Amino acid sequence: MAAQSIPPNTRSSERAHELLRAWDPRAASFGQLGGFLGRLTTVDQVGVTQRVDALRRRSIKRESKLWALDLAIRMTDLTTLEGRDTPGKVRALCAKGMRPKPGDPSIPSVAAICIYPALIAEAKDALKGSGVKVASVATAFPSGQTFRSVKLDETRLAVEAGADEIDMVIDRAAFLAGDLRTVFEEIVEVKDAAGDAHLKVILETGELGTFDNIRRASILAMAAGADFIKTSTGKVTPAATLPVTLVMLEAIRDFERATGRAVGMKPAGGIRTAKDAISYLVVLYETLGPRWMTPDRFRFGASSLLNDILMQIEKERTGRYQNPDHFTVD
């Protein structure tokens, strides 16, 4: 059984859940949320580690593995976030995202292309008519260290340029200093600035230090209106890990039980192999169930993962790996 961070059948848990059932980030006082966060119990670190180790050892049959690999492609936010990104590189990435293996129509498109705001117009044009979304990082990615007005302007401009999804970073300095109100209010304002675009809130878990902090930041982001919570920028080590992802998935589970609102999850950074992706999907299924086995509620933020999945699909189909040179290097 997964580690329970909010023990069931306790009066404090019932009061906390009752508070969240009526939660509206635009109307409720932060003081109420602060009281709820203060009542969160400590994450069982040993339990999380044991649970992940047990799930990692699950064997997957061939038919299920092919299904999982297909799903992993459809859940991928194919990403390039480098200072040397050019319009040509972004257009090439878009072409790959739409047709990961040219000539093989059985291979699906990815969920989204994730880029810097200045390249949204290029991506939007390249993806026209495909159904692949444009995700843009914002709010002074990856550090988050600038004025809030700049963060809000960047978010609005990204949406005006055509971004379907916004990946924002939280103010980790404020969070670690204990100023949760600042973090909360900033997410609320960015959510408003994003309008109809889906908001993914990046916690940068490698900088938060503890499972307890990760759980608290997850609840804070969801209560502020996040559509997804995301582990990492990919610029900090460690980035996504299975134990951290389990802690965040359990926070999502408990938040939905309390509020009735389902929030998505995006592990990002360091997920490079098909084997890794399948492990994440096993943890997802065993924690949140089949309703989350969809790109609408789970994404992988990755660049090199797609090629390894394509190689693994070929291996499962034919018994032979393709040469890595058969695929583009992203």
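Cut-offs used in this document
Residues numbered from 1 in each chain as written. Predicted model: local features only at pLDDT ≥ 70, side-chain atom pairs only at ≥ 80, totals over all residues. Heavy atoms only, no water. Helix = DSSP H or I, 4+ residues; strand = E, 2+ residues; numbered from the N terminus. Buried < 20%, exposed > 50% of the residue type's maximum accessible area, 1.4 Å probe, protein only. 1 Å grid on protein atoms, 1.4 Å probe; cavity = no way out; pocket = protein on both sides within 12 Å on 5 of 7 lines; lining within 4 Å. Points joined across faces, edges and corners; volume = space filled by probe spheres on them. Nonpolar A, V, L, I, M, F, W, Y, C, P; charged D, E, K, R; others polar. Salt bridge = Lys/Arg side-chain N within 4 Å of Asp/Glu carboxyl O. Expected span 1.5 Å × (residues − 1). Arc of directions from axis to C-beta. Contact = heavy atoms within 4.5 Å. pLDDT = per-residue confidence, 0-100. Phe/Tyr/Trp six-rings, centres within 6.5 Å; stacked < 30°, edge-to-face > 60°. Lys NZ or Arg CZ within 6 Å of the ring centre and 35° of its normal.

Some details on the environment of L180
Summarising the element assignment, L180 is placed in helix α9 (residues 180-194). Exposure remark for L180: the relative accessible area of 15% places this residue in the buried category. The spacing of L180 and R216 is 36 residues in sequence and 9.6 Å in space, taken between C-alpha atoms.

Comments concerning the layout of surface pockets
The computed volume of the largest pocket comes to approximately 510 Å³. Considering the residues around the largest pocket, the lining is formed by 26 residues, among which T79, G234, G269, A302 and S303 are closest to the centre. Here the residues of the lining of the largest pocket sort into seven nonpolar, 11 polar and eight charged.

Quick notes on unusual backbone geometry
Of the consecutive residues F141 and P142, the connecting peptide bond is found in the cis state with omega at 0°. Positionally, P142 belongs in the loop between β3 (133-138) and α7 (148-160). Following T237, the chain continues to P238 via a peptide bond in cis, the omega torsion being 0°. The topology assignment puts P238 in the loop between β6 (228-230) and α11 (242-259). Here E204, not a glycine, exhibits a phi torsion of approximately 50°, which is positive. The residue E204 is located in the loop between β5 (198-202) and α10 (211-223) in this model.

Some thoughts on the pattern of salt bridges
Enumeration according to the criterion identifies 32 salt bridges in this entry. Linking E207 and R172 is a salt bridge whose minimum nitrogen-to-oxygen distance equals 2.9 Å. Placement of E207 in the loop between β5 and α10 and of R172 in helix α8 (residues 172-176) is noted, with a sequence separation of 35 residues between them. Residue E256 pairs with R291 through a salt bridge whose shortest N-O separation is 3.0 Å. Here R291 lies in the loop between α12 (274-288) and β8 (300-302) and E256 lies in helix α11, a separation of 35 residues in the sequence. A relative accessible area of 44% means that R291 is categorised as partly exposed. Here the salt bridges do not stand alone but share partners, grouping D77, E165, D167, K200, K230, K266 and R299 into one network.

Quick notes on α7
Between its first and last C-alpha, α7 extends 18 Å over 13 residues, near the 18 Å set by a 1.5 Å rise per residue. Within α7, burial applies to K151, L152, T155 and A158. Along the axis of α7, the buried residues cluster in a sector spanning 125°; they form a single face. The outward face of α7, more than 90 degrees from its buried face, is lined by the exposed residues L157 and E160. Against α6 (120-126), β3, β4 (165-169) and α9 lie the buried residues of α7.

Notes on the confidence of the model for the protein chain
As a note on interpretation, predicted positions should not be read in detail where pLDDT is low. With 86% of its residues at a pLDDT of 70 or more, the protein chain has an overall mean of 89. In the predicted structure, residues 1-17 sits below a pLDDT of 50 and forms 33 contacts with residues beyond four places in sequence or in another chain.

Considering the packing of aromatic side chains
One pass over the full model with this rule turns up three aromatic pairs. Seen in terms of ring centroids, Y116 and F141 are 6.0 Å apart; in terms of plane orientation they differ by 75°. Their pairing is edge-to-face. Separated by 25 residues along the polypeptide, Y116 in the loop between β2 (112-115) and α6 and F141 in the loop between β3 and α7 bring together distant segments of the chain. Seen from their ring centres, F298 and F300 are 5.2 Å apart, and the 85° between their planes marks the pair as edge-to-face. On the accessibility criterion, F298 (0% relative accessible area) is buried. One aromatic cluster in this structure is built from Y280, F298 and F300. Seen from the ring of W292, R297 lies directly overhead, with NZ or CZ sitting 4.7 Å from the centre.

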